Amino acid sequence: MISFNNVTKQYGAQVLFVDASFQLNPGEKVGLVGPNGSGKTTVFRLVMGEEGSDDGSVQKPRRLTVGYFRQDVGEMRGRSVLAETVAGAGEVADLGAELNRLEARMAEAGDDLERAVERFGEVQARFQELGGYEIEARAQSILAGLGLRLGQVQDDVGKLSGGWKMRVALARILLARPDVLLLDEPTNYLDIESILWLESFLRDYPGAVLMTCHDRDVMNRVARKIIEIDGGQVRSYTGDFDFYERARALEAAQREAEYQRQQAMLAREMRFVERFKAQVAKAPQVQSRLKRLEKIERIEPPRRIVERHFDFRKAPRSGDDVVKIEAVRKAWGEHVVHDGLSLLVRRGERWAVMGENGAGKTTLLKMIVGALPPDSGQITLGAGVTLGYFAQHQMEQLDAGSTVLEELDRHARTAPIGVIKNLAAAFGFSGDDVDKPVRVLSGGERARVALAKILYDAPNLLVLDEPTNHLDMTTKRALVRALETHEGTMVFVSHDRAFLRVLAGRVLELGAGAPRVYPGRYDEYVAATGREAPGMRR
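Scope of this entry: the structure provided in the associated data block. These figures come from a predicted structure and were not determined experimentally. (Residues numbered from 1 in each chain as written. Predicted model: local features only at pLDDT ≥ 70, side-chain atom pairs only at ≥ 80, totals over all residues. Heavy atoms only, no water.)

## Remarks on helix α7 (residues 162-176)
Under the 1.5 Å per step criterion, the end-to-end length of α7 is 21 Å for 15 residues, consistent within 8% with the ideal 21 Å. Within the span of α7, buried status applies to Gly163, Trp164, Lys165, Met166, Arg167, Val168, Ala169, Leu170, Ala171, Ile173, Leu174 and Leu175. Looking at the buried positions of α7, the neighbouring elements they touch are β5 (66-69), α2 (81-87), α5 (135-145), α6 (150-153), β6 (180-184) and α8 (192-204). Arg177 occupies a position one or two residues after α7 and carries a positive phi of about 50 degrees. (Helix = DSSP H or I, 4+ residues; strand = E, 2+ residues; numbered from the N terminus. Expected span 1.5 Å × (residues − 1). Buried < 20%, exposed > 50% of the residue type's maximum accessible area, 1.4 Å probe, protein only. Contact = heavy atoms within 4.5 Å.)

## Considerations on the sheet that holds strand β1 (residues 2-11)
Taken together, three strands build an open sheet; the order of strands is β2-β1-β4 and the sheet is antiparallel. The outermost strands of the open sheet, each flanked by one partner alone, are β2 (14-24) and β4 (55-59). Pairs of neighbouring strands in the sheet enclose a mean axial angle of 25 degrees, with direction left out of account. Of the strands in this sheet, β1, β2 and β4 touch helix α1 (residues 40-48), which is tilted by about 120 degrees from β1. (Pairing = 2+ DSSP bridges. Axes fitted to C-alpha atoms, helices over the stretch in contact; angles between N-to-C directions.)

## Some points on the environment of Met76
Tracing the sequence through the fold places Met76 in the loop between β5 and α2. Using a relative accessible area of 4% as the deciding quantity, one classes Met76 as buried. For the pair formed by Met76 and Lys159, sequence separation is 83 residues and the distance between their alpha carbons is 9.2 Å. When near neighbours in sequence (up to four residues on either side) are disregarded, Met76 contacts Glu84, Val157, Gly158, Lys165, Val168, Ala169 and Arg172.

## Considerations on unusual backbone geometry
With a phi angle near 50 degrees, Asn6 is a residue other than glycine that sits in the positive phi range. Mapped onto the secondary structure, Asn6 falls in strand β1. Since its relative accessible area comes to 43%, Asn6 is described here as partly exposed. Phi angles above zero are rare outside glycine, and Glu466 is one such case at about 55 degrees. Within the element layout of this structure, Glu466 appears in the loop between β15 (461-465) and α17 (473-485). By relative accessible area, which is 12% here, Glu466 ends up buried.

Pasting the structure below:
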């Protein structure tokens, strides 16, 4: 259906891929993976025709419809959320608009009435064939699946935050039902309930899907083929993400063994040459071996995945009672999110806070850190508690005009520059990367800067609101490893099930009725409730 044939693409001296060939077949669900900057977004642009290849070709049928969800959604305002979604439904949306215009012309009963009636019949037949009369119902179903409430659906889309507009943009693409969905990180702004809904939608989708995604569970449950771009090469693996990782590790081990065997052989031959090059009697053998060495095709050193390591400094010990929440009430207008909430968080516990949209997860975290007062009740931190708070808005508060190094240095004023550089390197900013201005950093890079500040402060209470948003899988693994060894207390919200499985020791579920406490790990919560998130069934 879509075929890359020996495609080569580079920007200046940066070669993204050379002689890349792969195929996306009808109905296939494919995950596109590779390090940042490897060329994943370029693949999408080549498919869309927004860029051309330097060599080779990208072929697709002329009448193929392609929907592309990207992180830059553009401007949205002036229409309701529902109208904005329906407007993206492709041909059926255009036909609906034409029907409205034709109805207005027929109401005027002008000279072209007969022509308008005839055209109306043609358009209406095609509109009905494409399911146009069900389009609004389908749009509302998709919007609900992505977490938009009925009140939001009728409101002006311009009032939504950037994250919610991303959901509307995704809904537009899904509603259009193109032959091929190109999805660039579709889960970045979704909560766990919406991610679970999207998983189900994509598994059942009749068209083909090509997506990048940093959520391991989504890749495992949706993708049945993985295409990897790395070091200018493109490889395909038939299987889910876990299969790809195992296959890649096996291939890497084999390439490493081949490389080491050749290096050992070359070393033996060169030792012989060095030992006997001055001996006349051995001269023919030396020359023979040198000629043989010249003809050997050298195996390139295998590329190795560089795993990051975040090391939290040892935090001072806090008292046994870390956070005490007593009869807390909090409401936004008539919407009561907490009513008499009481909870005791003790030293060393790791609490995952779960709940549907509007259940008050972020509100609770803000009240714990003192960023938001409760309407009534009390929240107190225990003796010796030092607080580290990560939230998405902190990335927006970074100084756009500063470099990474300047931002960290301003936070840790008394630390030597060597310590600051080591801190930056631990979070993936080494060499010239420390001189990058904050304004050019990606969402994941900004998150790493904010997390680096927390690491430096060595808090014994970590309050984390979606800490893995925008992080790639390599960085997520490093963060999880660091948090696993962290000796302090944690209260966090996360939509990443891999993160939850490793780190959640207790679950607080918020929602309709009284808060529920599950004194076990996330997997035990799933087993006890029969669902992976509040309001969702397995």
